[in-house]
Amino acid sequence: MRKALRWSAVLALVGLGAFGTAAAQASPPEETGSGVSRQQVVQAEKVEGGRSALAPGTAHGGRALYCGIQGLRNLWLPLGGIRPGHGAVLSVAEAGGGDTEFIGNAVMAVQNTAVQTDGVLFQVDVQWDSGLCIWVKYVVVL
């Protein structure tokens, strides 16, 4: 029952877009279990998100900005306090001017996610003829 309530909270946060503002700093591990090195991973340019709900069994969300993304890329989302085994839900949208999000003609998808210590390593596929700025929205359950 508790697990169902937590995932209901995750889906509600994703659906409602309940995001606060704060910054987080972390970097991907030198080498992950998947063989992806730090040099192959794009860092977020800006991270926004509510950091008040860090107690076990709680959820919080936000978004991160990445620029110059084209094709299949490995990205790092710094989230202090998250550990392997915690839940993470990600979505992607094209970034417009003034911190806006929109759906343009580029095809985008989050392909894989792997929760690491203090962050999430994930792949995003952006099908466009040049690099784009994207917002990756997230909800995590601790």
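Please refer to the structure higher up on the page.
Owing to the predicted nature of the structure, the values given are computational and were not obtained by experimental measurement.

Asks: Looking at this model, I keep getting lost on the overall build of the protein chain. Mind explaining?
Replies: When helices and strands are counted, the protein chain shows one helix and nine strands. Ordered by position in the sequence, the α and β elements of the protein chain form the string α-β-β-β-β-β-β-β-β-β. Restricting to contacts in the protein chain with at least 6 residues of sequence separation, those with at least 24 account for 72%. Within the structure as shown, the protein chain displays about 7,300 Å² of accessible surface, and the carbon and sulfur contribution to it stands at 53%.

Asks: What should I look at first to understand the pattern of salt bridges in this one?
Replies: Taken as a whole, this structure holds six salt bridges when the rule is applied. One network of salt bridges, in which partners are shared, links Lys46, Glu48, Arg63, Asp99, Glu101 and Lys137.

Asks: Would you take a moment to explain unusual backbone geometry for this structure?
Replies: Trans is the common state for peptide bonds, and a negative phi is the common state for residues other than glycine. With phi around 65°, Asp99 is a residue other than glycine that occupies positive phi space. Classification of Asp99 by relative accessible area gives partly exposed; the value is 36%. For Asp118, which is not glycine, the phi dihedral falls at a positive 65°. Following the sequence through the fold, Asp118 ends up in the loop between strand 7 (107-116) and strand 8 (119-127).

Asks: Honestly, the side chain of Glu48 in this entry has me stumped. Any pointers?
Replies: Positionally, Glu48 belongs in strand 2 (residues 46-49). At 3.3 Å, the side chain of Glu48 forms a polar contact with the side chain of Lys46.

Asks: I keep staring at the environment of Val110 and nothing clicks. Help me out?
Replies: By secondary structure assignment, the location of Val110 is in strand 7. Put simply, Val110 and Val136 are 26 residues apart on the chain and 8.9 Å apart in space, counted from C-alpha to C-alpha.

Asks: Teacher, can you tell me more about the state of the cysteines here?
Replies: Here, disulfide denotes a covalent bond that connects the sulfur atoms of two cysteines. With the rule as written, the count across this model stands at one disulfide. Across the disulfide from Cys67 sits Cys133; the S-S distance is 2.1 Å. On the sign convention where negative is left-handed, the bridge of Cys67 and Cys133, at about 115° about the S-S bond, is right-handed. Taken together, the residues Cys67 in strand 3 (residues 59-69) and Cys133 in strand 9 (residues 132-141) connect sequence positions 66 residues apart. We classify Cys67 as partly exposed; its relative accessible area is 24%.

Asks: Is there a simple way to think about the pairing of strand 9 in this case?
Replies: In regular strands, side chains alternate between the two faces of the sheet. Burial runs high along strand 9: eight of the ten residues are buried. Here strand 3 pairs with strand 9 via nine bridges, running antiparallel. Residue pairing for strand 9: Ile69 is matched across the bridge by Leu132. Looking at chain direction, strand 5 (residues 87-95) and strand 9 are connected through eight bridges and run antiparallel. Following the sheet pairing, Leu90 is matched in strand 9 by Tyr138.

Procedures and definitions
- The residue count restarts for each chain, going from 1 along the sequence in the order it is written.
- In keeping with the model being predicted, local features are shown solely for residues with a pLDDT of at least 70 and side-chain atom pairs are shown and tallied solely at 80 or more, while totals for entire chains, interfaces and linings include all residues.
- Side-chain figures throughout are based on the complete set of non-hydrogen atoms in the structure, without hydrogens or water.
- Helical segments are the DSSP runs of H or I of at least four residues, strand segments are the runs of E of at least two, and each set is numbered from the N terminus.
- Residue contacts are defined here by distance: any two heavy atoms, one from each residue, within 4.5 Å place the two residues in contact.
- Under the convention used here, a 1.4 Å probe and the Shrake-Rupley method define accessible areas, while residue burial counts only the protein chains that appear.
- For this analysis, a salt bridge means a side-chain nitrogen from Lys or Arg found within 4 Å of a carboxyl oxygen belonging to Asp or Glu.
- Burial status follows relative accessibility: with a 1.4 Å probe on protein chains alone, a residue under 20% of its type maximum counts as buried, one over 50% as exposed, and anything between as partly exposed.
- Polar contact is defined as a pair of N or O atoms within 3.5 Å, subject to the rule that within protein one atom must be able to donate a hydrogen and the other to accept it, and that residues adjacent in sequence are counted only when both atoms are side-chain atoms.
- Throughout, a disulfide means two cysteine sulfur atoms within 2.5 Å of one another.
- A pair of strands counts as paired when DSSP detects no fewer than two bridges linking them.

So yeah, pure geometry; function would need other evidence.
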